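These are the residues of each chain, in order.
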Amino acid sequence: VQLQASGGGLVQAGGSLRLSCAASGSDFSGYIMGWHRQAPGRPREFVAAITSGGSTNYSDSGKGRFTISRDHTKNMVYLQMNSLKVEDTGVYYCYVRQHSFAKRYWGQGTLVTVSS
């Protein structure tokens, strides 16, 4: 399993970014796909997840601002981030897992920096 995240960058507070993650090495149509992030000096934290059926779950900080989606045909997962805040700064990691109790396979991360 390999995951390649992209789309990070520098953006001003209030701006938007769209992260993408390409998964390869298996058929991920039945997998959960999602995103975590890690701010400097802080532990990695959950951001959003989407099931194979399209059910979504968000952290409290992302609700109403972030939207996760996926494309089964391309084995891709996306994270649209709007109204970005300085505290959204961090490295964003995508992952896949077969079910809620399975191990996660992680991508390499993409850096998001939100300036004030």
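In this report, we go over the structure that sits alongside the text. (Residues numbered from 1 in each chain as written. Predicted model: local features only at pLDDT ≥ 70, side-chain atom pairs only at ≥ 80, totals over all residues. Heavy atoms only, no water.)

## With respect to the overall build of the protein
Here is step 1 of the chain: A tally of regular secondary structure across the protein gives zero helices and 11 strands.
Here is step 2 of the chain: Secondary structure elements of the protein occur, N-terminal to C-terminal, as β-β-β-β-β-β-β-β-β-β-β.
Here is step 3 of the chain: At 13 Å, the protein has a C-alpha radius of gyration in line with the 13 Å of a compact globule built from 116 residues.
Here is step 4 of the chain: Expressed as a percentage of its 116 residues, the buried residues of the protein come to 43%.
Here is step 5 of the chain: Put simply, of all contacts in the protein between residues at least 6 apart along the chain, 54% involve residues at least 24 apart.
Here is step 6 of the chain: When the accessible surface of the protein is split by element, carbon and sulfur atoms take 48% of a total near 6000 Å².
Here is step 7 of the chain: The positive charge centre, built from 12 side chains, and the negative charge centre, built from 6, are 3 Å apart in the protein. (Helix = DSSP H or I, 4+ residues; strand = E, 2+ residues; numbered from the N terminus. Rg over C-alpha atoms; globule rule 2.2 N^0.38 Å. Buried < 20%, exposed > 50% of the residue type's maximum accessible area, 1.4 Å probe, protein only. Contact = heavy atoms within 4.5 Å. Areas by Shrake-Rupley, 256 points an atom, 1.4 Å probe, with all protein chains shown as cover. Lys, Arg positive; Asp, Glu negative; His and termini not counted. Charge placed at Lys NZ, Arg CZ, Asp CG, Glu CD.)

## Describing the pattern of salt bridges
Here is step 1 of the chain: Here the structure, examined in full by the defined rule, presents four salt bridges.
Here is step 2 of the chain: Of the charged contacts in the structure, one is a salt bridge between Asp 88 and Arg 65, with a shortest N-O distance of 2.7 Å. Highlighted residues: Asp 88 in the loop between β8 (76–81) and β9 (90–97) and Arg 65 in the loop between β6 (56–58) and β7 (66–71), separated in sequence by 23 residues.
Here is step 3 of the chain: On the basis of relative accessibility, which here comes to 1%, the residue Asp 88 falls in the buried class.
Here is step 4 of the chain: The network of salt bridges with common partners includes Arg 37, Glu 45, Arg 65 and Asp 88. (Salt bridge = Lys/Arg side-chain N within 4 Å of Asp/Glu carboxyl O.)

## A closer look at the environment of Lys 103
Here is step 1 of the chain: For Lys 103, the location among the structural elements is in the loop between β9 and β10 (105–106).
Here is step 2 of the chain: Between the C-alpha atoms of Lys 103 and Met 81, which are 22 residues apart in sequence, the distance is 26 Å.
Here is step 3 of the chain: In contact with Lys 103, not counting residues within four places along its chain, are Val 96 and Arg 97.

## Remarks on the packing of aromatic side chains
Here is step 1 of the chain: For the coordinates displayed, the defined rule picks out three aromatic pairs.
Here is step 2 of the chain: With centroids separated by 5.1 Å and ring planes inclined at 75 degrees, the aromatic side chains of Phe 28 and Tyr 31 adopt a geometry described as edge-to-face.
Here is step 3 of the chain: Plain terms: the ring middles of Tyr 95 and Trp 106 are 5.3 Å apart, the flat faces sit at 55 degrees to each other, and that makes the pair tilted. Within this pair, whereas Tyr 95 is found in strand β9, its partner Trp 106 is found in strand β10, the two being separated by 11 residues in sequence.
Here is step 4 of the chain: Residue placement shows Arg 104 over the ring face of Tyr 95; its charged tip is 4.9 Å from the ring centre. (Phe/Tyr/Trp six-rings, centres within 6.5 Å; stacked < 30°, edge-to-face > 60°. Lys NZ or Arg CZ within 6 Å of the ring centre and 35° of its normal.)

## Digging into the state of the cysteines
Here is step 1 of the chain: Taken as a whole, this structure holds one disulfide when the rule is applied.
Here is step 2 of the chain: Paired by a disulfide, Cys 21 and Cys 94 hold their sulfur atoms 2.0 Å apart. Here the S-S torsion is close to 60 degrees, and the disulfide linking Cys 21 with Cys 94 is therefore right-handed. With Cys 21 in strand β3 (residues 17–24) and Cys 94 in strand β9, this pair connects stretches of sequence that are 73 residues apart. Here the two residues Cys 21 and Cys 94 agree in accessibility, since each one is buried. (Disulfide = S-S within 2.5 Å.)

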